[in-house]
Amino acid sequence: MSDFNMFCYQCSQTARGSACTAKGVCGKDALVARLQDNLIFAMKGISAYNYHANELGARDEEVDEFLTKGLYSTLTNVNFDAADLIQLGLDAGEANFKVMKMLKEAHIEKFGEPVPAEVKVGAQGGPAIIVTGHDLLALEELLKQTEGTDVKVYTHSEMLPAHGYPELAKYESLAGQIGGAWIDQKKIFSEYNAAILGTTNCVLIPKDDYADRLFTMDIVKVPGATVIEDYDFKPLIDKAIELGGPEAEELTTITTGFGLSTILSLAPQIKELVLAGKIKRFFLVAGCDTPNPRMNYYREFVQELPEDTIVLTLACNKFRFNDLDLGDIEGIPRLLDLGQCNDAIVAIELAVALCDLFEMELNELPLTIVLSWMEHILWTLLYLGKTDMFIGPVLPAWANEDILNVLVGNYNLTPVSTPKEDIKKIMG
């Protein structure tokens, strides 16, 4: 492994006080530096899920211990072993598996098992609050406090799956969804005369035209926004009433809330359709969205899929295509929204259930994963032994040719090309 594309500024001892671009002052090479970057990014994702699980009273000592060990391993002059850093990436996958499972179970215990829900998209008129982020507990507290008022609460981006949880859907003030992935918020929040609540990561620094109606909470802090303390949403609700809200518009609908139990209840029918050749393959098309135009790959990919395939999706990548009407296969919807990014655990548990259903190993299933790169999710899939995945179209800057060669050589990961070419390769 070479020092190709070395760039490291992880410590205060970097060359010329800026960055090491040939070899680390400490002696590390490019591969070690980039694997350390990968580990840090993976632990960020794990920490987000762990934080929300902790809020709901769930803890796992092994996850906490890994986060401490993993972060320590990236400290200067500690770990120069590339093979060990790859193993730590797989360990991150294991920790992420545990934390996703813990968070999913905490959500179900608190809000009930998700069920399919048809969600209205667009403003319905009257005072409005748009909630973005991932925090379902914060949404529940807000819904409690808006009951009995005329304020309608709309989800944005990764809050969409909230509509599938019975203990959240029961509130009349939960009106629908406005907007798509996190990348559209500056446009959407400017267009809609509503108060806005940012609950977690994926909140952008606001434009001036809505900064005074943006509220954040907990660890989320952005310039110009008002911070909510101790779940007291009165200032947010008062602002929504003061603004009067957006005008009503023509509504569309999207469906979310396909929890594991819902899909497993269809298992006998799914098995029958697969054996009859009416369902040829399942695709998990998931990941994080970015503003890069190349991300349109995912919409084109889903549009080009044969009609005898099923699409599972989760995370904000789904907003590239979740407005498409893919129809159904004898009552089984062809597009199944499993939830937030942390609900990748549902896809994993479903894959395990399919293994049992068809008496096959994981990599023998008629299941292809097409992932827009998320470090912690990818490493979980690799930890579980999943191979033959498609990744892209935009890889992170730390994934140089050396690292990509390891992933391709060891796990047969395939960088995406064009939707038609990839589908042809997958379907044979």
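Further up the page is the structure itself.
So, here's what we can say about the structure. Just so we're clear, the structure is a prediction, and the values are computed from it rather than from any experiment.

Conventions adopted
Residues numbered from 1 in each chain as written. Predicted model: local features only at pLDDT ≥ 70, side-chain atom pairs only at ≥ 80, totals over all residues. Heavy atoms only, no water. Axes fitted to C-alpha atoms, helices over the stretch in contact; angles between N-to-C directions. Helix = DSSP H or I, 4+ residues; strand = E, 2+ residues; numbered from the N terminus. Parallel < 35°, antiparallel > 145°, perpendicular 65-115°, else oblique. Left-handed = near helix turned anticlockwise from the far one by under 90°. Contact = heavy atoms within 4.5 Å. Nonpolar A, V, L, I, M, F, W, Y, C, P; charged D, E, K, R; others polar. Pairing = 2+ DSSP bridges. Core = buried A, V, L, I, M, F, W, Y, C linked by side-chain atoms within 4.5 Å. Buried < 20%, exposed > 50% of the residue type's maximum accessible area, 1.4 Å probe, protein only. Salt bridge = Lys/Arg side-chain N within 4 Å of Asp/Glu carboxyl O.

1. A few points about the packing of helix H1 (residues 30–55) against helix H2 (residues 61–73)
Okay, step 1: Where H1 contacts H2, the two axes come as close as 10 Å, and the packing angle between them is 155 degrees. By the angle between their axes, H1 is roughly antiparallel relative to H2. Once H1 is placed against H2, the crossing between them reads as left-handed. Between H1 and H2, the contacting residues are Gln36, Leu39, Met43, Ile46, Ser47 and Asn50 on the first element and Val63, Asp64, Phe66, Leu67, Gly70, Leu71 and Ser73 on the second.
Okay, step 2: For the contact of H1 with H2, the residue count by class is seven nonpolar, five polar and one charged.

2. So, the sheet that holds strand E9 (residues 281–287)
Okay, step 1: Strands sit in the order E13-E10-E9-E14-E15-E16 across an open sheet of six strands; the sheet is parallel. On the outer flanks of this sheet lie strand E13 (335–337) and strand E16 (414–415), each paired with one strand and no other.
Okay, step 2: Bridging between strand E15 (residues 390–391) and E16 involves two bridges; their strand directions are parallel. Counterpart to isoleucine 391 in the pairing with E16 is proline 415.
Okay, step 3: Contacting E9, strand E10 (309–314), strand E14 (367–372), E15 and E16, helix H14 (residues 419–427) runs over the sheet at an angle of about 140 degrees to E9.

3. Some details on the nonpolar core
A general tendency of soluble globular proteins is for nonpolar side chains to be buried together.
Okay, step 1: Ranked by internal contacts, the top residues of the largest apolar core, which has 76 residues, are Phe66 and Leu382.
Okay, step 2: Those residues in contact with leucine 382 that lie beyond four places of it in its chain are Leu90, Met389, Leu407, Tyr411 and Leu413.
Okay, step 3: If you look at the next biggest cluster of nonpolar residues, it comprises 25 residues, including Val131, Leu142, Leu174 and Leu236.

4. A short note on unusual backbone geometry
Okay, step 1: A cis geometry characterises the amide bond from glycine 392 onward to proline 393, with omega recorded as 0 degrees.
Okay, step 2: A positive phi angle, near 65 degrees, is found at asparagine 77, a position not held by glycine.
Okay, step 3: Locating asparagine 77 in the fold gives a position in the loop between H2 and helix H3 (82–111).
Okay, step 4: Since its relative accessible area comes to 48%, asparagine 77 is described here as partly exposed.
Okay, step 5: Positioned with a positive phi, aspartate 218 is a non-glycine residue whose angle comes to about 60 degrees.
Okay, step 6: Along the chain, aspartate 218 falls in the loop between strand E6 (214–217) and strand E7 (226–228).
Okay, step 7: Here aspartate 218 falls in the partly exposed class, since its relative accessible area comes to 30%.

5. Looking at the pattern of salt bridges
Okay, step 1: For the coordinates displayed, the defined rule picks out 17 salt bridges.
Okay, step 2: With a closest N to O distance of 3.5 Å, glutamate 105 and lysine 101 form a salt bridge. Taken together, the residues span about one helical turn, with glutamate 105 and lysine 101 both in helix H3 at a distance of four residues.
Okay, step 3: In this structure, aspartate 337 engages lysine 318 in a salt bridge whose closest nitrogen and oxygen atoms are separated by 3.4 Å. One end of the pair, aspartate 337, is in strand E13; the other, lysine 318, is in the loop between E10 and strand E11 (328–329), with 19 residues separating them in the sequence.

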